[in-house]
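# Survey of secondary and tertiary structure
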Amino acid sequence: VAQAASVAYSTAPAIRTFVIGVGSALSSLDAVALAGGTEKAIIVTDSIQSTEQEFVLALNTIRGTALPCDYAIPPPPTGETIDYGFVNVVYGSNGGEGVVIPYVPSADGCMNEPEGWHYDDPAKPTKVVFCDALCSKVKNDATAKVDVVFGCETEIAK
(Lines give C-alpha, C1' and ligand atoms only; values in the text may rest on other atoms or scores of the structure.)
Protein backbone atom coordinates (compact mmCIF):
# COMPACT_ATOMS: atom_id res chain seq x y z
CA VAL A 1 0.00 0.00 0.00
CA ALA A 2 2.88 2.36 0.80
CA GLN A 3 4.33 1.74 -2.66
CA ALA A 4 1.01 2.61 -4.32
CA ALA A 5 0.79 5.79 -2.22
CA SER A 6 4.34 6.68 -3.25
CA VAL A 7 3.57 6.24 -6.95
CA ALA A 8 0.43 8.38 -6.66
CA TYR A 9 2.34 11.12 -4.86
CA SER A 10 5.34 11.11 -7.22
CA THR A 11 3.40 11.44 -10.50
CA ALA A 12 1.85 14.59 -11.95
CA PRO A 13 -0.52 15.68 -10.67
CA ALA A 14 0.58 14.50 -7.23
CA ILE A 15 -2.10 12.74 -5.21
CA ARG A 16 -1.56 12.83 -1.46
CA THR A 17 -2.68 9.88 0.68
CA PHE A 18 -4.28 10.59 4.05
CA VAL A 19 -4.44 7.69 6.51
CA ILE A 20 -6.77 7.25 9.50
CA GLY A 21 -6.37 4.18 11.68
CA VAL A 22 -8.78 3.07 14.40
CA GLY A 23 -7.30 1.13 17.28
CA SER A 24 -3.86 0.67 18.75
CA ALA A 25 -0.52 -0.62 17.47
CA LEU A 26 -1.08 0.91 14.05
CA SER A 27 2.25 2.72 13.69
CA SER A 28 2.89 0.83 10.45
CA LEU A 29 0.28 3.11 8.86
CA ASP A 30 2.77 5.97 9.16
CA ALA A 31 4.76 4.44 6.28
CA VAL A 32 1.72 4.71 3.99
CA ALA A 33 1.06 8.33 4.99
CA LEU A 34 4.74 9.26 4.60
CA ALA A 35 4.94 7.64 1.16
CA GLY A 36 1.76 9.49 0.20
CA GLY A 37 3.12 12.90 1.19
CA THR A 38 1.16 13.46 4.40
CA GLU A 39 3.92 12.47 6.85
CA LYS A 40 1.97 10.65 9.57
CA ALA A 41 -1.21 8.60 9.98
CA ILE A 42 -3.92 9.90 12.27
CA ILE A 43 -4.70 7.26 14.90
CA VAL A 44 -8.15 7.23 16.52
CA THR A 45 -8.73 5.31 19.74
CA ASP A 46 -11.23 2.48 19.66
CA SER A 47 -13.03 3.41 22.87
CA ILE A 48 -16.82 3.60 22.93
CA GLN A 49 -16.67 7.07 24.45
CA SER A 50 -14.47 8.85 21.92
CA THR A 51 -14.03 6.97 18.62
CA GLU A 52 -16.75 8.83 16.73
CA GLN A 53 -15.65 12.25 18.00
CA GLU A 54 -11.96 11.54 17.26
CA PHE A 55 -12.79 10.22 13.78
CA VAL A 56 -14.77 13.37 12.92
CA LEU A 57 -11.89 15.48 14.24
CA ALA A 58 -9.47 13.50 12.05
CA LEU A 59 -11.63 14.10 8.96
CA ASN A 60 -11.84 17.82 9.75
CA THR A 61 -8.06 17.94 10.12
CA ILE A 62 -7.67 16.34 6.70
CA ARG A 63 -10.20 18.71 5.15
CA GLY A 64 -8.17 21.63 6.44
CA THR A 65 -5.02 20.42 4.72
CA ALA A 66 -6.33 18.66 1.63
CA LEU A 67 -6.30 21.56 -0.83
CA PRO A 68 -2.96 23.17 -1.54
CA CYS A 69 -2.32 26.91 -1.77
CA ASP A 70 -0.27 26.69 -4.92
CA TYR A 71 -0.92 24.85 -8.16
CA ALA A 72 1.62 23.81 -10.76
CA ILE A 73 0.91 25.09 -14.23
CA PRO A 74 0.85 22.05 -16.50
CA PRO A 75 2.99 22.13 -19.61
CA PRO A 76 1.04 23.03 -22.75
CA PRO A 77 0.48 20.44 -25.45
CA THR A 78 3.44 19.99 -27.79
CA GLY A 79 3.85 22.94 -30.14
CA GLU A 80 1.59 25.24 -28.10
CA THR A 81 2.32 27.98 -25.56
CA ILE A 82 0.43 29.32 -22.57
CA ASP A 83 -0.71 32.93 -22.67
CA TYR A 84 -0.38 33.90 -19.00
CA GLY A 85 -2.77 36.80 -19.57
CA PHE A 86 -5.53 34.20 -20.07
CA VAL A 87 -5.38 32.24 -16.81
CA ASN A 88 -7.93 32.42 -13.99
CA VAL A 89 -8.52 30.80 -10.62
CA VAL A 90 -12.10 29.82 -9.81
CA TYR A 91 -13.15 29.07 -6.22
CA GLY A 92 -16.44 27.41 -5.33
CA SER A 93 -18.02 26.18 -2.12
CA ASN A 94 -20.98 23.97 -1.13
CA GLY A 95 -21.51 22.91 -4.73
CA GLY A 96 -22.40 26.49 -5.70
CA GLU A 97 -21.25 28.38 -8.74
CA GLY A 98 -17.58 29.31 -8.68
CA VAL A 99 -16.23 32.82 -8.29
CA VAL A 100 -13.25 34.11 -10.27
CA ILE A 101 -10.47 35.13 -7.87
CA PRO A 102 -8.58 38.29 -8.87
CA TYR A 103 -4.94 38.18 -9.96
CA VAL A 104 -2.32 40.41 -8.34
CA PRO A 105 1.01 41.03 -10.10
CA SER A 106 3.20 39.85 -7.19
CA ALA A 107 3.14 38.63 -3.59
CA ASP A 108 3.23 42.31 -2.54
CA GLY A 109 -0.14 42.76 -4.25
CA CYS A 110 -1.66 40.55 -1.55
CA MET A 111 -1.53 43.55 0.79
CA ASN A 112 -4.27 45.24 -1.28
CA GLU A 113 -6.09 42.08 -2.39
CA PRO A 114 -5.63 39.46 0.39
CA GLU A 115 -7.95 36.99 -1.33
CA GLY A 116 -6.09 37.13 -4.62
CA TRP A 117 -3.46 35.02 -6.36
CA HIS A 118 -0.19 35.59 -8.20
CA TYR A 119 2.45 33.65 -10.10
CA ASP A 120 5.53 32.29 -8.34
CA ASP A 121 7.66 34.08 -10.94
CA PRO A 122 5.86 36.71 -13.04
CA ALA A 123 8.55 36.54 -15.74
CA LYS A 124 8.48 32.75 -16.07
CA PRO A 125 5.52 31.28 -14.14
CA THR A 126 5.50 27.67 -13.04
CA LYS A 127 2.87 27.92 -10.28
CA VAL A 128 -0.27 29.81 -9.30
CA VAL A 129 0.16 30.89 -5.65
CA PHE A 130 -2.67 31.99 -3.32
CA CYS A 131 -2.38 35.04 -1.10
CA ASP A 132 -2.47 34.13 2.61
CA ALA A 133 -6.13 35.11 3.22
CA LEU A 134 -7.33 33.08 0.22
CA CYS A 135 -5.17 30.15 1.30
CA SER A 136 -6.68 30.26 4.77
CA LYS A 137 -10.21 30.53 3.37
CA VAL A 138 -9.74 27.52 1.09
CA LYS A 139 -8.11 25.37 3.79
CA ASN A 140 -10.92 26.15 6.25
CA ASP A 141 -13.67 25.32 3.76
CA ALA A 142 -14.49 21.61 3.85
CA THR A 143 -16.48 21.91 0.60
CA ALA A 144 -13.98 24.06 -1.31
CA LYS A 145 -13.31 23.40 -4.97
CA VAL A 146 -10.52 25.18 -6.86
CA ASP A 147 -9.95 25.20 -10.61
CA VAL A 148 -7.16 26.85 -12.58
CA VAL A 149 -8.68 27.59 -15.97
CA PHE A 150 -7.07 28.65 -19.23
CA GLY A 151 -8.52 30.55 -22.16
CA CYS A 152 -10.35 33.60 -20.74
CA GLU A 153 -8.65 36.92 -20.08
CA THR A 154 -7.23 37.06 -16.55
CA GLU A 155 -9.39 39.00 -14.09
CA ILE A 156 -6.99 41.49 -12.49
CA ALA A 157 -7.50 42.99 -9.03
CA LYS A 158 -8.42 46.66 -9.08
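Quick look at the structure, then. (Residues numbered from 1 in each chain as written. Predicted model: local features only at pLDDT ≥ 70, side-chain atom pairs only at ≥ 80, totals over all residues. Heavy atoms only, no water.)

Our next topic: the state of the cysteines. As enumerated under the stated definition, the model contains two disulfides in all. Each sulfur of the disulfide joining Cys69 and Cys135 lies 1.8 Å from the other. Between Cys69 and Cys135 the sulfur-sulfur dihedral comes to about 80 degrees; the bridge is accordingly right-handed. Here Cys69 is found in the loop between helix H3 (51-66) and strand E3 (70-72), whereas its partner Cys135 is found in helix H4 (residues 132-139), with 66 residues between them in sequence. The residues Cys69 and Cys135 share a single accessibility class, namely buried. A sulfur-sulfur distance of 1.9 Å marks the disulfide that ties Cys110 to Cys131. Of note, the bridge from Cys110 to Cys131 carries an S-S torsion of about -75 degrees and is left-handed in sense. Of the two residues, Cys110 sits in the loop between strand E5 (99-101) and strand E6 (117-119) while Cys131 sits in the loop between strand E7 (127-130) and H4, which places them 21 residues apart along the sequence. Here Cys110 falls in the buried class, since its relative accessible area comes to 16%. Sequence-ordered numbering of the disulfide-bonded cysteines in the protein gives the connectivity 1-4, 2-3. (Disulfide = S-S within 2.5 Å. Helix = DSSP H or I, 4+ residues; strand = E, 2+ residues; numbered from the N terminus. Buried < 20%, exposed > 50% of the residue type's maximum accessible area, 1.4 Å probe, protein only.)

Let us look at the environment of Asn140. Its place among the elements puts Asn140 in the loop between H4 and strand E8 (145-150). Through-space distance from the C-alpha of Asn140 to that of Gln3 is 30 Å; in sequence the pair is 137 residues apart. Polar side-chain contacts of Asn140 include one of 2.9 Å to the backbone oxygen of Ser136. (Polar contact = N/O pair within 3.5 Å; in protein donor to acceptor, adjacent residues only side chain to side chain.)

The next subject is the side chain of His118. Following the sequence through the fold, His118 ends up in strand E6. Setting aside residues no more than four positions away along its own chain, His118 makes contact with Tyr103, Val104, Ser106, Ala107, Cys110, Lys127, Val128, Val129 and Cys131. (Contact = heavy atoms within 4.5 Å.)

A few words on the sheet that holds E6. Spatial ordering of the open sheet is given by E3-E7-E6, a layout of three strands whose pairing is antiparallel. The open sheet is flanked by E3 and E6, the only strands paired with a single partner. Within the sheet, the average angular offset between the axes of one strand and its neighbour, ignoring direction, is 20 degrees. (Pairing = 2+ DSSP bridges. Axes fitted to C-alpha atoms, helices over the stretch in contact; angles between N-to-C directions.)

With that out of the way, let us pick up the sheet that holds E8. Here three strands make up an open sheet; going across it, the order is E5-E4-E8 and the pairing antiparallel. Pairing within the sheet leaves two strands with one partner each, and these edge strands are E5 and E8. In this sheet, adjacent strand axes meet at a mean angle of 35 degrees when their direction is disregarded. Alignment of strand E4 (residues 87-92) against E8, held across six bridges, turns out to be antiparallel. Note that in E8 the partner of Val89 across the bridge is Val148.

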